[in-house]
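# Summary of the model geometry
In case you want the letters, here they are:
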Amino acid sequence: MAYELISMNVSVNPDFVSVIRLTLSGIASKIGFSLDDIEDMKICVSEACTNAIKHSDKDEFQIKFYVYPDKLTIEVSDDGIGYDVDSLASPDLKNPKTSGLGIFIIKTLMDEVEIKSCNKCGTIIKMTKLVGVEE
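Summary of the structure given here. Residue numbers run consecutively from 1 along every chain, following the written order of its sequence. In keeping with the predicted nature of the model, local features appear solely for residues at pLDDT of at least 70, side-chain atom pairs appear and are counted solely at 80 or more, and the whole-chain, interface and lining totals rest on all residues. Excluded from the side-chain calculation are hydrogens and water; included are all heavy atoms of the structure.

Another aspect to go through is the overall build of the protein. Each helix is a run of H or I in the DSSP string that is no shorter than four residues. Each strand is a run of E no shorter than two, and both are numbered from the N terminus. Counting its secondary structure elements, the protein contains 3 helices and 5 strands. Its helices and strands taken in sequence order, the protein reads β-α-α-β-β-α-β-β from the N to the C terminus. Exposure classes here rest on a 1.4 Å probe applied to the protein chains alone. A residue is buried below 20% of its type maximum, exposed above 50%, and partly exposed in between. Residues classed as buried in the protein amount to 38% of the 135 residues present. Residue contacts are counted whenever heavy atoms from the two residues lie within 4.5 Å of one another. Pairs at least 24 apart in sequence give 65% of the contacts found in the protein among residues at least 6 apart. Here the protein displays about 8000 Å² of accessible surface, and carbon together with sulfur accounts for 51% of that area. Throughout, the Shrake-Rupley method with a 1.4 Å probe supplies accessible areas, and for residues the shown protein chains are the sole cover considered.

Structure (structure tokens):
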């Protein structure tokens, strides 16, 4: 399926997460997502960008928006130290922590999530939301 690609290299300055959220809102509105879906995606993008900012070894990270007629795939990648994706445990929601819920939130709110990470090659979080899919 053909897609349009919007790609950004972003400084690890946390102030620029709001720019990414605004970009996402514009793209998602154009495709036809509901306001609720757009808000969910903004939360997920914020979580993924915060992880990239926190763990990147470089002064910037990358975000790509793959724009399809019926879905939006967002890919956030960094050049950080990486981690063992399989070691992520589900959070204890009865005894929540102040951090460590980002990936859980992303997996809960998005329709498809793929995470690739390795030692010293960084992390890629790829998340997809389908237009008009009710949960």
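Let's shift gears to the packing of aromatic side chains. The criterion for an aromatic pair is that two Phe, Tyr or Trp rings (for Trp, the six-membered ring) have centres within 6.5 Å, with stacked assigned to planes under 30 degrees apart, edge-to-face to planes over 60 apart and tilted to the rest. Under the criterion given, the structure shown has 2 aromatic pairs. When the ring of Tyr3 is compared with that of Tyr66, the centres are 5.2 Å apart and the planes differ by 75°; the resulting orientation is edge-to-face. A residue pair is termed long-range when its members are at least 10 positions apart, and Tyr3 in the segment before strand 1 (4–11) and Tyr66 in strand 2 (residues 60–67) qualify at 63 residues. Looking at Tyr3, the relative accessible area reads 43%, which means it is partly exposed. For Tyr66, a relative accessible area of 13% translates into the label buried.

A side chain of one charge can pair with a side chain of the opposite charge when the charged atoms of the two come close. The rule for a salt bridge is simple: a side-chain nitrogen of Lys or Arg has to be within 4 Å of a carboxyl oxygen of Asp or Glu. In the structure shown here, the tally under the stated rule is 3 salt bridges. With a closest N to O distance of 3.1 Å, Lys42 and Glu39 form a salt bridge. Taken together, the residues Lys42 and Glu39, both in helix 2 (residues 35–55) and 3 residues apart, mark about one turn of the helix. On the basis of relative accessibility, which here comes to 14%, the residue Lys42 falls in the buried class. Linking Lys116 and Glu114 is a salt bridge whose minimum nitrogen-to-oxygen distance equals 3.4 Å. Here Glu114 falls in the partly exposed class, since its relative accessible area comes to 38%.

Further remarks concern helix 1 (residues 17–31). For an α-helix, the turn length of 3.6 residues means that residues three or four places apart are oriented alike. Multiply 1.5 Å by the residue count of a helix minus one, and that product is the helix's expected span. The first and last C-alpha atoms of helix 1 sit 21 Å apart over 15 residues, in line with the 21 Å expected at 1.5 Å per residue. Those residues of helix 1 lying buried are Val17, Ile20, Leu24, Ser25, Ile27, Ala28 and Ile31. Buried residues belonging to helix 1 abut strand 1, helix 2, strand 2 and strand 3 (71–78). Residue Gly32 follows helix 1 closely and has a positive phi angle near 115°.

We now examine the nonpolar core. As a rule of thumb, nonpolar side chains are buried together in soluble globular proteins. Put simply, buried Ala, Val, Leu, Ile, Met, Phe, Trp, Tyr and Cys residues joined by side-chain atoms within 4.5 Å make one nonpolar core. Ranked by internal contacts, the top residues of the largest apolar core, which has 31 residues, are Ile63, Phe65, Leu72, Ile74 and Met127. Mapped by element, the contributors of at least two residues to this core are strand 1, helix 1, helix 2, strand 2, strand 3, helix 3 (102–109) and strand 5 (122–130). Contact partners of Phe65, with chain neighbours within four places excluded, come to Glu4, Leu5, Ile6, Met8, Ile20, Thr23, Leu24, Ile27, Leu72, Thr73 and Ile74.

This part covers the side chain of Lys129. By secondary structure assignment, the location of Lys129 is in strand 5. You can call Lys129 buried: its relative accessible area is 0%. Only 2.6 Å separates the side chain of Lys129 from the backbone oxygen of Leu109, close enough to count as a polar contact. Two N or O atoms form a polar contact when they lie within 3.5 Å of each other; inside protein one atom must be a possible hydrogen donor and the other a possible acceptor, and for residues adjacent in sequence the pair counts only when both atoms belong to side chains.

A word on the environment of Lys107. Residue position: Lys107 is located in helix 3. The exposure class assigned to Lys107 is partly exposed, which follows from its relative accessible area of 49%. Lys107 sits 21 residues away from Thr128 along the chain, and the two C-alpha atoms are 10.0 Å apart. Setting aside chain neighbours within four positions, we find Lys107 in contact with Val113 and Ile115.

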